[in-house]
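Reading the structure
If you want the building blocks of each chain, they are given just below.
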Protein chains: 2
Amino acid sequence: MLEIKNKVSIFKNSLIWEGERKGIVFSDNKPGFSVATPPEFKGHAGIWSPEDLFIASVNTCIMTTFLYYAERNKLEFISYKSDAEGVLEFLDNKFVFSEIRIKPLVGIKKDTDISKAKNLMELSEKNCLISNSIKPQVKVTPEINIL
Amino acid sequence: MLEIKNKVSIFKNSLIWEGERKGIVFSDNKPGFSVATPPEFKGHAGIWSPEDLFIASVNTCIMTTFLYYAERNKLEFISYKSDAEGVLEFLDNKFVFSEIRIKPLVGIKKDTDISKAKNLMELSEKNCLISNSIKPQVKVTPEINIL
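Just so you know, these numbers come straight off a predicted model, no measurement behind them.

1. Section: the overall build of chain A
When helices and strands are tallied, chain A shows 4 helices and 7 strands. Scanning chain A from its N terminus toward the C terminus, one meets helices and strands in the order α-β-β-β-α-β-β-α-α-β-β. Along the three orthogonal principal directions, the C-alpha set of chain A runs to about 55 × 35 × 30 Å. Within the span of chain A, comprising 147 residues, buried residues form 42% of the whole.

2. A word on the relation of the copies chain A and chain B
The two copies are related by a screw operation: chain A maps onto chain B through 180° of rotation and 0.0 Å of translation along the axis, at an RMSD of 0.0 Å. What the superposition gives is, in effect, a two-fold axis relating one chain to the other. When each C-alpha of chain A is compared by its distance to the rotation axis, I134(A) comes out closest, at 2.0 Å. Comparing interface residues between copies, 100% of those in chain A also lie at the interface in chain B; the contact surface is shared.

3. Quick look at the interface of chain A and chain B
Facing 67 residues of chain A, the contacting portion of chain B comprises 67 residues. Broken down by class, the residue content of the side of chain A that touches chain B amounts to 35 nonpolar, 19 polar and 13 charged. Here 8 bridges tie strand β1 (residues 9-17) of chain A to strand β4 (residues 77-91) of chain B, and the two strands are oriented antiparallel to one another. Residue K12(A) lies in a different strand from β4(B), and its bridge partner there is E85(B).

4. Digging into the pairing of strand β3 (residues 33-36) of chain A
Residue and element names in this part refer to chain A. As paired strands, strand β2 (residues 22-26) and β3 are joined by 4 bridges and run antiparallel to one another. Bridge pairing in β3 links I24 to S34. Counting the residues between successive antiparallel strands, the hairpin from β2 to β3 contains 6 residues, one of them, D28, with a positive phi of roughly 45°.

5. Some details on the packing of helix α2 (residues 50-72) of chain B against helix α3 (residues 114-127) of chain B
Residues and elements named next belong to chain B. Direction vectors running N to C along α2 and α3 enclose 130°, while the axes themselves pass 9 Å from each other. Taken together, α2 and α3 sit at an angle that is classed as oblique. You can see that α2 and α3 cross each other, and the crossing is right-handed. In this structure, α2 uses I62, T65, F66, Y69 and A70 to contact α3, whose residues at the interface are L120, M121, L123, S124, E125 and N127.

6. Some details on the domain arrangement of chain A
Along its sequence, chain A is carved into domain 1 (2-41) and domain 2 (50-146). Measuring from the centre of the C-alpha atoms in domain 1 of chain A to the corresponding centre in domain 2 of chain A gives 22 Å.

7. What to know about the packing of helix α2 (residues 50-72) of chain A against α2(B)
In helix packing, the relevant descriptors are the interaxial angle and the interaxial distance, both defined with respect to the helix axes. Where α2(A) contacts α2(B), the two axes come as close as 8 Å, and the packing angle between them is 170°. As summarised for this structure, α2(A) and α2(B) are arranged roughly antiparallel, according to the angle between their axes. Residues P50(A), L53(A), F54(A), A56(A), S57(A), T60(A), C61(A) and T64(A) of α2(A) form the contact with α2(B), whose participating residues are P50(B), L53(B), F54(B), A56(B), S57(B), T60(B), C61(B) and T64(B).

8. Some remarks on unusual backbone geometry
Residue and element names in this part refer to chain B. Its identity as a non-glycine residue notwithstanding, E20 has a phi of 45°, on the positive side. Note on placement: E20 falls in the loop between β1 (9-17) and β2 (22-26). Positive phi, close to 50°, is recorded for D92, a residue that is not glycine. Of note, D92 is situated in the loop between β4 and β5 (94-108).

9. Some remarks on the pairing of β5(B)
Residues and elements named next belong to chain B. Note: β4 against β5, 14 bridges, orientation antiparallel. Each bridged residue has a counterpart across the sheet, and for V87 the counterpart in β5 is E99. In this sheet, strand β6 (residues 137-140) lies alongside β5 in parallel orientation, the contact comprising 4 bridges. Bridging across to β6, E99 finds its partner in Q137.

10. A few points about the environment of L91(B)
All names here are of chain B. Turning to its location among the elements, L91 is positioned in strand β4. On the basis of neighbour counts, which here come to 10 C-beta atoms within 10 Å, the residue L91 falls in the exposed class. When sequence neighbours within four positions are dropped, the list of residues in contact with L91 reads V96 and S98.

Each value, and the rule that gives it
- Residues numbered from 1 in each chain as written.
- Chains lettered and ligands numbered in written order.
- Predicted model: local features only at pLDDT ≥ 70, side-chain atom pairs only at ≥ 80, totals over all residues.
- Helix = DSSP H or I, 4+ residues; strand = E, 2+ residues; numbered from the N terminus.
- Buried ≥ 20, exposed ≤ 12 C-beta atoms within 10 Å, placed from the backbone.
- Least-squares fit on C-alpha atoms with pLDDT ≥ 70 in both.
- Contact = placed C-beta atoms within 7 Å.
- Nonpolar A, V, L, I, M, F, W, Y, C, P; charged D, E, K, R; others polar.
- Pairing = 2+ DSSP bridges.
- Axes fitted to C-alpha atoms, helices over the stretch in contact; angles between N-to-C directions.
- Parallel < 35°, antiparallel > 145°, perpendicular 65-115°, else oblique.
- Left-handed = near helix turned anticlockwise from the far one by under 90°.
- Domains from an automatic or database assignment.

The structure is reproduced here in structure tokens:
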């Protein structure tokens with residue numbers, strides 16, 4: 001962690017337009033996937049839109065941040081699922097995401113770990129690097145279950 | 001467009017942790033795909049990370065915004081490709097994306113359309129709704145080619 005704190009990291013990707021309002025996005029040796037204008041803006045259903053990717057990046061960042069803290073603090077957990085939604089509005093003459101809501105569901109083994117799991121979710125909410133880089137508030141409301 | 005300006009749109013997705021630092025993200029009837037902590041944070045290579053998705057959302061938004069303006073202004077173009085890179089740094093005691101660079105390459109038919117294409121790229125840079133929703137500056141440096 002110390003190592004990366006002292007350097008700049010670059011994340012790259014490319015895309016190619018494929019006609020209509022669709023394209024393919026790719027990056028290094030990752031599987032490429034289709035992207036498109038969403039139906040809300042007269043695009044295509046069933047294809048990931050920029051709006052979807054934006055909300056997915058926040059949802060995933062909360063998870064990867066939680067995984068980091070869980071490992072570091074030796075929290076035993078069994079499952080992690082999370083629903084995310086982003087609210088897009090036309091405000092001050094432009095479209096913006098005004099709020100993002102993340103609802104993680106964490107399954108743990110021992111009821112004595114409930115407060116630890118809650119604390120680590122709070123840390124994840126505070127330190128997710130995508131949340132740090134965006135304007136809308138990211139509200140994380142976790143639910144911790146004993147499985 | 002007027003219709004969507006007067007309402008709030010919600011973009012949703014879900015994810016499930018699959019062990020190690022990996023998960024699957026899905027949304028409605030779109031194809032699910034793997035996500036993971038990136039190698040920079042001791043994660044997995046060859047899998048889309050939250051950081052990648054964030055930069056991909058900006059890259060794709062510039063394209064979909066351009067497609068909107070190109071159609072509206074009847075610009076004839078043949079191809080659109082775009083490279084994106086995001087700069088992640090540790091600043092003021094937290095990780096943030098400090099800058100995003102987008103390099104679209106637009107192929108057009110007529111040299112008389114060069115300035116029109118440039119203007120529409122500028123409009124796209126200004127009005128991309130993901131750019132409106134994030135903190136880092138998004139620098140778009142388009143190249144217009146006659147094919």
